Each structure stands twice: as structure tokens, then as C-alpha cells.
Amino acid sequence: MKLELRSEDRRYSLSADFLAEGRMELTVIVCTLDGIVQGELTGELDTCDLGEIGRLIASVPATAPGRSGAADIRASTVKATRHGDAWTAETHDYLKDQYQAGKTPQELAQDLGRSEKSIRWKLHGLGLAPFPTDLAPGRRTSPQPKAPKAYTVEEKRQTHPNAYKPWTPDDEQKLGERCAQGASLEDLAQEFGRDPGAVATRLRKINAEGPAVDEVAGFGA
């Protein structure tokens, strides 16, 4: 099964293969409209977990600049507090709504008459923002991870010519035969023009037998 969606500047592709024992292999690729890969996810899971994972992803808060409605009404009723005053349920709600609407901690500090540090700690306490590492005594800011190198599907296929292509029944039959003949996982990856991790997953799906199967555990299968 393969699905694809497009936005104004992104293309989202999802491929799914049903495995044995109620499991599924998923591959998600995010590309720009001109084919530059922005990210990819590949892995296995039980099909019974799909619904919960979908709800988990859907629950991630998204910023909505310019949102109006109840938050605007509350903004007119919440009065600025003073440093050291106790937080109330009303100020909690106001903080949450305005932060998710796009206001910065500096702006919220002015609205509520508190320090920016106080706002940032409270946002973390409410589960709305990450731990403010730079404010914690004795801690150093963790180095930012390097951005992954951009590449296209075509560029990846220069190394693995059949990357992201569906497996045919003939491919699977030949894969099982070569595995039984004693080919290693790396040999199979080269012969079939695919990433070793993709070959490992397919070996497990077809219940192949041979030395390469012993290497599958190294790829999380």
C-alpha cells in the first residue's frame, strides 16, 4: 500500500507492507516539491498500535498565530500580576492559550507582570515547552545536533539502486534462495541494490533461513 499527500512546499509519501503475526513495515519520506529529502522514518510495529500512535501524533500542540476566540476574551479579563504572586487557574489558562497562539515568553512576561524566567519555568511545568537548560544552575546547554545532509531519492539510489521500490514476489523468492545458499546480509544488500536494513526486514517477513538471518538482530528486527 502506498499513499502520497502534497502541501504548498512538501510531498509526503507513506509505504506500508503487512508482515507476519499482525505486524506492519512502514516507510515515510518527506521531500520538497523538487525532490530534496527532508526526513524519513522506517520501522515495524503491531497494526493494533496504529490508532494510538495516530492519536499521539495528533495530540502534539501546534502553534496557531493569530488565533482568536476564547483566548482573546480571556486576554481582556486577566490582569497583570506581581512578582511572587501565586498562579491561578485563570492565569494558567491564559498562559497556555496565548503561548499556543504564538506569543513569546517576553510578551507573556509583560502581559502577566512576571519575569521571563518565571514564564519559561511555568511553560515547562505545564508541559508546553522543553526544559530551560540555560536557566538551570550548574548545567550547560546541550550542543545542537547537526542538520542531516539533504539528499534526493535519486541520490540515494546511486548507492542503493532499488531503494524505496516495492518488493515483487520474484524478488522475495530469489532473496530467500540466496539467503539459503549462504549469502551474507551485505552480499544480499549489494545484489538487490537495497539498504541492509531493508533487506533485513524483508528476510524476517518471508521467514528466510540462512547465515544472513543471524545478522538481522543488528538492524532491530
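Refer to the structure presented above.
Predicted, not measured: the structure shown is a model, and the values here were computed from it.

Re the packing of helix α8 (residues 185-192) against helix α9 (residues 196-205)
For any two helices packed against each other, the geometry comes down to the angle between their axes and how far apart the axes lie.
Thought 1: Two numbers describe how α8 lies on α9: the axes approach to 9 Å, and their chain directions differ by 105°. Here α8 is positioned roughly perpendicular relative to α9, judged by the angle of their axes. Of α9, the residues touching α8 (which contributes Leu185, Glu186, Leu188 and Ala189) are Pro196, Val199, Ala200 and Leu203.

Quick look at the pairing of strand β3 (residues 23-32)
Thought 1: Among the 10 residues of β3, 8 are classified as buried, and the element is accordingly described as predominantly covered.
Thought 2: As paired strands, strand β2 (residues 10-18) and β3 are joined by 9 bridges and run antiparallel to one another. Residue pairing across strands places Leu14 opposite Val28, the latter belonging to β3.
Thought 3: Examined bridge by bridge, β3 and strand β4 (residues 36-46) share 9 bridges and lie antiparallel to one another. Paired with Leu26 across the two strands is Gly43, which belongs to β4.
Thought 4: Between β3 and the antiparallel strand that follows it, β4, lie 3 residues; Gly35 among them carries a positive phi value of about 95°.

Overview of the pattern of salt bridges
Thought 1: Inspection of every chain in the model, using the stated rule, returns 14 salt bridges.
Thought 2: Between Arg120 and Asp134 there is a salt bridge; the shortest N-O distance is 2.7 Å. Taken together, the residues span a long stretch of sequence, with Arg120 in helix α5 (residues 116-125) and Asp134 in the loop between α5 and β5 (151-152) at a distance of 14 residues.
Thought 3: Judged by its relative accessible area of 22%, Arg120 is partly exposed.
Thought 4: A salt bridge links Glu172 to Arg202; its shortest N-O distance comes to 2.8 Å. You can see Glu172 sitting in helix α7 (residues 169-180) and its partner Arg202 sitting in helix α9, a full 30 residues away along the chain.

As for the packing of aromatic side chains
Thought 1: Scanning the entire structure with this criterion turns up 2 aromatic pairs.
Thought 2: For the ring pair Trp121 and Phe131, a centre distance of 5.5 Å and an interplane angle of 80° mean the geometry is edge-to-face. Taken together, the residues Trp121 in helix α5 and Phe131 in the loop between α5 and β5 connect sequence positions 10 residues apart.
Thought 3: With 6.0 Å between their ring centres and 35° between their planes, Trp167 and Phe192 make a pair best called tilted. Linking Trp167 in the loop between α6 (153-159) and α7 with Phe192 in helix α8, this pair joins segments that are 25 residues apart in sequence. Side by side, Trp167 and Phe192 carry an identical accessibility label, which is buried.
Thought 4: Here Lys174 stacks its cationic end above the ring of Phe192, 5.9 Å away from the centre of that ring.

Rules and cut-offs
- Residues numbered from 1 in each chain as written.
- Predicted model: local features only at pLDDT ≥ 70, side-chain atom pairs only at ≥ 80, totals over all residues.
- Heavy atoms only, no water.
- Axes fitted to C-alpha atoms, helices over the stretch in contact; angles between N-to-C directions.
- Helix = DSSP H or I, 4+ residues; strand = E, 2+ residues; numbered from the N terminus.
- Parallel < 35°, antiparallel > 145°, perpendicular 65-115°, else oblique.
- Contact = heavy atoms within 4.5 Å.
- Buried < 20%, exposed > 50% of the residue type's maximum accessible area, 1.4 Å probe, protein only.
- Pairing = 2+ DSSP bridges.
- Salt bridge = Lys/Arg side-chain N within 4 Å of Asp/Glu carboxyl O.
- Phe/Tyr/Trp six-rings, centres within 6.5 Å; stacked < 30°, edge-to-face > 60°.
- Lys NZ or Arg CZ within 6 Å of the ring centre and 35° of its normal.

Without other data, these values stay purely geometric and don't point to any function.
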